[in-house]
Amino acid sequence: MESRPTREETEKAAAAWLLKRSDPQWSHADQTELDEWLAASPGHRVSFIRLESIWVDTDRLKSIASGFSKGQIPPRGAIEQSPFFTMKQAETKDRDPETEVFSSPDNAPLPLAGEAPRVTISKEDRPRRGSFAIAASILLATAVVVTIYSIDYAGRGKSYSTSVGGLSTVPTQDGSVVTLNTDSKIEVRFTAQERRIELKKGEAFFEVAKDPSKPFTVYAGNQRVVAVGTKFSVRLNPNAIHVAVTEGKVRLEERPSILDLPRRTQPPENHAGARDGLTAGTVADIAESRISVEQRPIPEIEQTLSWRTGYIVLNGTPLSEAIAEFNRYNTRQLTIGDTSLAMLKVEGNFRSNNLDGFVRLLEEGFEVKAGETGDGRIVLSKK
Amino acid sequence: MTGANIYVRSPYSPHPCYRHPDGCNVRTMDAEFKSWFVREILAHETALTRFLKRSWLSSNDVADLCHDVYIKVLEASERQRPVSPKAFLFATARNLLVDRMRRNQVVPIDLLQDMESSNVLVDEISAERAAGGLQYLLRLTKAFEKLPDRCREVVWMRKIENIPQKQIAQRLGIAEATVEAHLVRGMRTLTQLCYGGDHDEEIKARSDGVTHETKHGK
């Protein structure tokens, strides 16, 4: 009892074990020795568990470090100022959005005409987006505008597009601002009755100037999104349309076909509830006739719109999705060579063109190795 | 009563078993037990520290006592996990404290009276951990930013950039033992800061100690 080691000695020994354990040379014999050391005293076990719990978690700092270049230790204070925190600090702790799925009429009760919209909106917990807005505007101002083609068609309006990895801001004559994401294309046609945007490809974020006399309508696939003065994004995927609203309110309508009577302003009855009031904080996915509407904290939506600042934000995102995101922004394409990797959860904040950084991090943080194929693809497989 | 446990390796389990003096074999140090201990016991460190501080103890003594409380709780939990871990933790702390005071023959009456009313038991760290993220990451970052310069640099290289100790030593032109000393210090300081025990004085004293120590290497 007299020669009992002090806490400090025990902690130092435990720390040394933890360091040794991360050595690639760590062997079975070492493990046995560690087990014996742990067995020798409960004090050893306490110190080991306590130090290990934080030391292992320290790895998570990697996710913030991705914003800094390798081999360079960020100056003191820089990490907390990184976009990772400035963008995400507004996020609410409460991540339990109310979700409602609206489906086609055959398996869902029909909302009666005139019934209040079924979309529920949580009014509480809507933190300020000031920090995001500032970060966004600074970054936007410095963002490299890649290519904007502006072609004047007779009566077809102006067409704007970005190439892969591009990001550009398109001001329109009414004061609205459209931000185009990578590999996207829009056509703008303003008439006396309507401000009409056709999303041909990709994704765009709209900040609509208020003008009740002229609805601002975004056509995407077989849908149109009608806004008066609001902020929202529309993304056109091969078989789905994704709408996210961060301010104001939009209405979702089926695009009138040429056979329809001119300008049907009433949405089809069976979707009235879901389509009528997409208010701020709503995310809607439309695939075929099925619409699913979800409420999300606005900062979270803003986060998915982080592309406007040139960032991809991954938040426990499955690797398969993360890769799909990166592939939108880069001509060098990632693929998964090992299906077991698809569900790996990735967290972090990356410049969308920092493909190498992302791959390096995967290799360092997970059991992943990357190999380049002849045709310029990067294949991720298990180590 | 605290005789050394007998170490038995079960052929069926990768984790060691301990035979307790009272005869039963318990398996411990597996991931499940560890995370239970972290979540249910260590998470209360801020509150526990505050509680122990109300006695006459110095910061360093508080940290020692905290450690001893953990030992008692760990040993008991290895045998059988307490139904209400937090209450058990504080009961153990109280008993140990009374014990010490008796031995020292100094018993501040008000302390004894006050002991039951330690009801301001915040354990933010577990809430943050459970919330999955950002707040906890911020806590880690803040702790990291409090490390002394060299220590911070070495921890960054080892943990974030995954550079082996040997290479860090080469790059910085210092002995590998020094790198290790920095990492040991970094690990202990980060742990102390993250669990929120405000042993600032201790950390200061400790970093002075390390600077001195590393001059000699290992």
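Above this note sits the structure.
Counting of residues starts from 1 at the beginning of each chain's written sequence and follows it residue by residue. As they are written, the chains are lettered A onward and the ligands numbered 1 onward, keeping that order. Confidence filtering applies because this is a predicted model: local features only for residues at pLDDT of at least 70, side-chain atom pairs given and counted only at 80 or more, and all residues used for totals across whole chains, interfaces and linings. With hydrogens and water set aside, each side-chain value is computed from the structure's full complement of heavy atoms.

1. Regarding the overall build of chain A
Part 1: When you go through chain A residue by residue, the secondary structure sums to 11 helices and 20 strands.
Part 2: Only protein chains enter the accessibility calculation, which uses a 1.4 Å probe; a residue is then buried when its area is under 20% of its type maximum, exposed when over 50%, and partly exposed in between. The buried share of chain A, reckoned over its 383 residues, is 48%.
Part 3: The contact definition used throughout considers only heavy atoms, calling two residues in contact when any of these lie within 4.5 Å. In chain A, the proportion of contacts linking residues at least 24 apart, taken out of those at least 6 apart, comes to 53%. Put simply, DSSP marks the helices as runs of H or I at least four residues long and the strands as runs of E at least two long, and each gets a number from the N terminus on.

2. Thoughts on the pattern of salt bridges
Part 1: The salt bridge criterion pairs a side-chain nitrogen of Lys or Arg with a carboxyl oxygen of Asp or Glu, the two atoms within 4 Å. Taken as a whole, this structure holds 27 salt bridges over all chains when the rule is applied.
Part 2: Here K12 of chain A ties to E8 of chain A by a salt bridge, and the two come within 3.5 Å at their closest N and O atoms. Taken as a pair, K12 of chain A and E8 of chain A lie in helix α1 (residues 7–21) at a separation of 4 residues, close to a single helical turn.
Part 3: Relative accessible area serves as the criterion here: at 26%, K12 of chain A is assigned to the partly exposed category.
Part 4: Where E294 of chain A meets R296 of chain A, a salt bridge forms, and the shortest distance between an N and an O atom there is 2.6 Å.
Part 5: The structure contains a network of salt bridges with shared partners spanning R7, E8, E11, K12 and R50 of chain A together with E45, D64 and R188 of chain B.

3. Concerning helix α10 (residues 319–329) of chain A
Part 1: Summarising burial for α10 of chain A: 8 of the 11 residues are buried, a large majority.
Part 2: Taken together, the buried positions of α10 of chain A are L319, A322, I323, E325, F326, N327, R328 and Y329 of chain A.

4. Digging into helix α2 (residues 45–53) of chain B
Part 1: Buried residues dominate α2 of chain B, accounting for 7 of its 9 residues.
Part 2: Turning to α2 of chain B, its buried residues number three or more, namely E45, T46, A47, L48, T49, F51 and L52 of chain B.

5. Overview of the packing of helix α1 (residues 31–40) of chain B against helix α3 (residues 59–79) of chain B
Packed helix pairs are specified by the crossing angle of their axes together with the interaxial distance, meaning the distance between the axes.
Residues and elements named next belong to chain B.
Part 1: Here α1 crosses α3 at 135°, and the two axes come no closer than 12 Å. Between α1 and α3, the crossing angle belongs to the class labelled oblique. The interaxial crossing formed by α1 with α3 has right-handed handedness. Contacts from F33, W36 and F37 in α1 reach Y70, V73, L74, S77 and E78 in α3. Simply put, an axis is a line fit to the C-alpha atoms, just over the touching stretch for a helix, and the angle between two N-to-C directions goes from 0 to 180 degrees. Throughout, the term roughly parallel applies to angles under 35 degrees, roughly antiparallel to angles over 145, roughly perpendicular to angles from 65 to 115, and oblique to all others. If you view the pair so one helix is near and one far, a crossing is left-handed when the near helix is turned anticlockwise from the far one by less than a right angle, and right-handed when it is turned clockwise.

6. Looking at the nonpolar core
Part 1: For this analysis, a nonpolar core means a set of buried residues of the types Ala, Val, Leu, Ile, Met, Phe, Trp, Tyr and Cys, connected via side-chain atoms within 4.5 Å. Residues F37, L48, L52 and Y70 of chain B are the most contacted members of the largest nonpolar core, which totals 66 residues.
Part 2: Counting residues per element, this core draws most heavily on α3 of chain B, at 8 residues.
Part 3: Apart from residues lying up to four places away in sequence, F37 of chain B is in contact with V46 and I49 of chain A together with L42, Y70, V73 and L74 of chain B.
Part 4: In this structure, V188, I197, L252 and L278 of chain A belong to the second largest nonpolar core, which totals 29 residues.

7. Concerning the side chain of S77 of chain B
Part 1: With respect to the helices, strands and loops of the structure, S77 of chain B is situated in helix α3.
Part 2: Take S77 of chain B: its relative accessible area is 2%, and that puts it in the buried class.

8. Focus: unusual backbone geometry
Negative phi is the rule for most residues except glycine; trans is the rule for most peptide bonds.
Part 1: Even without glycine at this site, D183 of chain A takes up a positive phi of about 50°.
Part 2: Following the sequence through the fold, D183 of chain A ends up in the loop between β5 (177–180) and β6 (185–190).
Part 3: Of the residues examined, D183 of chain A reaches a relative accessible area of 30% and is grouped as partly exposed.
Part 4: Positive phi outside glycine occurs at N162 of chain B, with the angle close to 55°.
Part 5: Tracing the sequence through the fold places N162 of chain B in the loop between α8 (149–160) and α9 (165–172).
Part 6: On the accessibility criterion, N162 of chain B (30% relative accessible area) is partly exposed.

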